[in-house]
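An overview of the molecular structure
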Amino acid sequence: QVQLVESGGGLVQPGGSLGLSCTASGTIFSVNDMGWYRQAPGKERELVAGITSRGTTTYAGSAKDRFTISRDNARNTFYLQMNGLRPEDTAVYYCQSTLCIAFNVRRAYWGQGTQVTVSS
């Protein structure tokens, strides 16, 4: 079945770096827009970074100078490189993508989530 599988979370000290990846698998005609979201305890899920099928990127204000989103269309994979991490970046990170799974059929999918903890 069609799914998004993400990896790369873990524990890192403040100022450190971490890279996340998200891969779409199954019968997929194409991968459209992709995005990374995060949700901290007691807070709503928020968009961290997004990238369109054409490569146009957007970032949350706190991520503009620290995070980089990219994609590898040949592997149906996209990434989030996070540098200069802060304790307030601690959250569960989710990847999201709109996938074409049949002719003229597009649906949104979510990854299972991966924990990122920034602490000394």
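Everything below is about the structure shown above.
Right, let's walk through the structure included here. (Residues numbered from 1 in each chain as written. Predicted model: local features only at pLDDT ≥ 70, side-chain atom pairs only at ≥ 80, totals over all residues. Heavy atoms only, no water.)

**A few points about the sheet that holds strand 1 (residues 3-7)**
Hydrogen bonds along the backbone pair up the strands of a sheet, which may run parallel or antiparallel. Strands sit in the order 1-3-8-7 across an open sheet of four strands; the sheet is antiparallel. Both edges of this open sheet fall to strand 1 and strand 7 (67-72), since each of them pairs with a single strand only. Neighbour to neighbour, the strand axes of the sheet diverge by 15° on average, direction disregarded. Pairing analysis gives six bridges linking strand 7 to strand 8 (residues 77-82), with the strands arranged antiparallel. For Ile69, the partnering residue across the bridge sits in strand 8 and is Leu80. (Pairing = 2+ DSSP bridges. Helix = DSSP H or I, 4+ residues; strand = E, 2+ residues; numbered from the N terminus. Axes fitted to C-alpha atoms, helices over the stretch in contact; angles between N-to-C directions.)

**What to know about the layout of surface pockets**
Taken as a whole, the largest pocket holds about 160 Å³ of empty space. Residue lining of the largest pocket: Arg38, Gln39, Ala40, Lys43, Glu44, Glu46, Pro87, Glu88, Thr90 and Ala91, and that is the complete set. Taken together, the residues of the lining of the largest pocket sort by class into three nonpolar, two polar and five charged. (1 Å grid on protein atoms, 1.4 Å probe; cavity = no way out; pocket = protein on both sides within 12 Å on 5 of 7 lines; lining within 4 Å. Points joined across faces, edges and corners; volume = space filled by probe spheres on them. Nonpolar A, V, L, I, M, F, W, Y, C, P; charged D, E, K, R; others polar.)

**Remarks on the state of the cysteines**
Throughout the structure, instances matching the rule amount to one disulfide. Paired by a disulfide, Cys22 and Cys95 hold their sulfur atoms 2.1 Å apart. What sets the handedness of the Cys22 and Cys95 disulfide is the S-S torsion sign, and at about 60° it is right-handed. Of this pair, Cys22 sits in strand 3 (residues 18-25) while Cys95 is found in strand 9 (residues 91-102), placing the two residues 73 residues apart along the sequence. (Disulfide = S-S within 2.5 Å.)

**Some words on the packing of aromatic side chains**
Under the counting rule described, the total for this entry stands at two aromatic pairs. Relative to Phe78, the ring of Trp36 has its centre 5.4 Å away and its plane inclined at 55°; by these criteria the two rings are tilted. Taken together, the residues Trp36 in strand 4 (residues 30-39) and Phe78 in strand 8 connect sequence positions 42 residues apart. Among the residues examined, Trp36 registers a relative accessible area of 0% and is labelled buried. Relative to Trp110, the ring of Tyr37 lies with its centre 4.9 Å away and its plane at 55°, an arrangement referred to as tilted. With Tyr37 in strand 4 and Trp110 in strand 10 (residues 105-110), this pair connects stretches of sequence that are 73 residues apart. (Phe/Tyr/Trp six-rings, centres within 6.5 Å; stacked < 30°, edge-to-face > 60°. Buried < 20%, exposed > 50% of the residue type's maximum accessible area, 1.4 Å probe, protein only.)

**Details of the pairing of strand 8**
By the bridge criterion, six bridges tie strand 3 to strand 8 in an arrangement that is antiparallel. By the bridge assignment for strand 8, Thr23 is matched with Thr77. The loop that links strand 7 with its antiparallel partner strand 8 comprises four residues; one of these, Asn76, has a positive phi angle of about 50°.

**So, the nonpolar core**
In terms of nonpolar packing, the biggest core is built from 30 residues, with Trp36, Phe67, Leu80, Met82, Tyr93 and Leu99 touching the most fellow members. Looking at this core, the elements that each hand over two or more residues are strand 3, strand 4, strand 5 (46-51), strand 7, strand 8, strand 9 and strand 11 (114-118). Of all the elements, strand 9 adds the most residues to this core, at five residues. The contacts of Leu80, once residues within four sequence positions are left out, are Leu18, Gly19, Leu20, Trp36, Val48, Ala49, Phe67, Thr68, Ile69 and Tyr93. (Core = buried A, V, L, I, M, F, W, Y, C linked by side-chain atoms within 4.5 Å. Contact = heavy atoms within 4.5 Å.)

**What about the environment of Pro87?**
With respect to the helices, strands and loops of the structure, Pro87 is situated in the loop between strand 8 and strand 9. Judged by relative accessible area, Pro87 falls into the partly exposed class, the value being 45%. A C-alpha to C-alpha distance of 42 Å links Pro87 and Ala102, two positions 15 residues apart in sequence. Not counting the four nearest positions on each side in its chain, Pro87 is found in contact with Pro14 and Val118.

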